[in-house]
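Results of the structural survey
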Amino acid sequence: MKVEVLGNAQDGGVPHLGCECEMCEEAREKPEKAKKIASLLLEEGDSENSNAQYLIDATPDIRYQTTGKYIDGVFLSHEGLGHMTGLLFLGKESHNYEGIPVYTSEKANEFLQKNDPYRLLKDRGNIDVYEIEDGDKQNLMNGCVEVIETEHPRVETNNFCFMIHGEEKKLFYVSDIHEWSHEIKQKVKEADIAIPDIAIIDGTFWSADEIERYSEVSHPTIITTMAEMEDVDTEIYFTHLNHTNPAYREDSEERGELEEREFEIAEQGMEFEI
Ligand SMILES: [Zn+2]
Ligand SMILES: [Zn+2]
């Protein structure tokens, strides 16, 4: 199985609405500098013959993140601007897909059923929703996607992260969490059976003083995560970066420090054979 990084920005993306910082202004002037919102594509390993592709999260950038090919399924981590709203592009106004499997929680399914325009996707048969819960394993492409529940206090649906089991390696994906719980740290560090080889994890902020309203939108900072994960064998990549995160810039001191400590940024287009 091949895992591709389709984007690494926090839900608000880069450029960020209402922001005139250097990074956002540059992204407006040069679209190639824009950062797409965090999500993953899971594909058959041999891309020449690839005929299956699954998304982890449906971002508002979905139009630029998928090829013209059919989508075989979408796993949603939770209900949120950057994680779910891309579903709307599966409907009649767009390609009018038929029966795309969407794997999500019971609560999110209820939300989809009750609220337009999501309800229309279900009523018109654009999507078929399959409810998932902690511990479920969905088999696909000689591997499976294991569902792990975590907390996200600002959303009312369940919040999932995913252990993606390939034929040879495991890749752990947690793009958006509030704080590190012991259980989720263990998933990065040692998992139940073996160490996951690769972990792509929440790197929204570099430090807590990066934005004024950090306490309202808190995430584990890269600084604290690096300190906690320093002695881990897993290859760790950060994703879901806010536009204010100095590590976004390749020439920043912070990026230099991150790489010196053997962490990386999950860049759009990166591929992992698992
Ligand atoms: Zn998010
Ligand atoms: Zn900005």
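In short, a report on the structure.

**A word on the overall build of the chain**
Looking only at helices and strands, the chain has 8 helices and 14 strands in total. For the C-alpha atoms alone, the extent of the chain along its principal axes is close to 50 × 45 × 40 Å. Residue burial in the chain is summarised as follows: out of 274 residues, 44% are buried. Put simply, of all contacts in the chain between residues at least 6 apart along the chain, 66% involve residues at least 24 apart.

**Structural notes on the sheet that holds strand β4 (residues 73-75)**
Overall, mixed pairing links the 7 strands, which are arranged β6-β5-β4-β3-β2-β1-β14 in an open sheet. Lying at the two open borders of the sheet, with one neighbouring strand each, are β6 (127-131) and β14 (271-273). Within the sheet, the average angular offset between the axes of one strand and its neighbour, ignoring direction, is 20°. Both strand β5 (residues 100-104) and β6 contribute to a ladder of 5 bridges, which runs parallel. Bridge pairing links I100 to I127 in β6.

**What about the nonpolar core?**
By size, the foremost hydrophobic cluster in this structure holds 68 residues, and its most contacted members are V74, L87, F162 and Y173. Of all the elements, strand β9 (residues 159-165) adds the most residues to this core, at 5 residues. Ignoring sequence-local partners within four residues, the contact set of F162 consists of I56, F75, V145, E146, V147, I148 and Y173.

Rules of the game
- Residues numbered from 1 in each chain as written.
- Chains lettered and ligands numbered in written order.
- Predicted model: local features only at pLDDT ≥ 70, side-chain atom pairs only at ≥ 80, totals over all residues.
- Helix = DSSP H or I, 4+ residues; strand = E, 2+ residues; numbered from the N terminus.
- Buried ≥ 20, exposed ≤ 12 C-beta atoms within 10 Å, placed from the backbone.
- Contact = placed C-beta atoms within 7 Å.
- Pairing = 2+ DSSP bridges.
- Axes fitted to C-alpha atoms, helices over the stretch in contact; angles between N-to-C directions.
- Core = buried A, V, L, I, M, F, W, Y, C linked by C-beta atoms within 7 Å.

So yeah, pure geometry; function would need other evidence.
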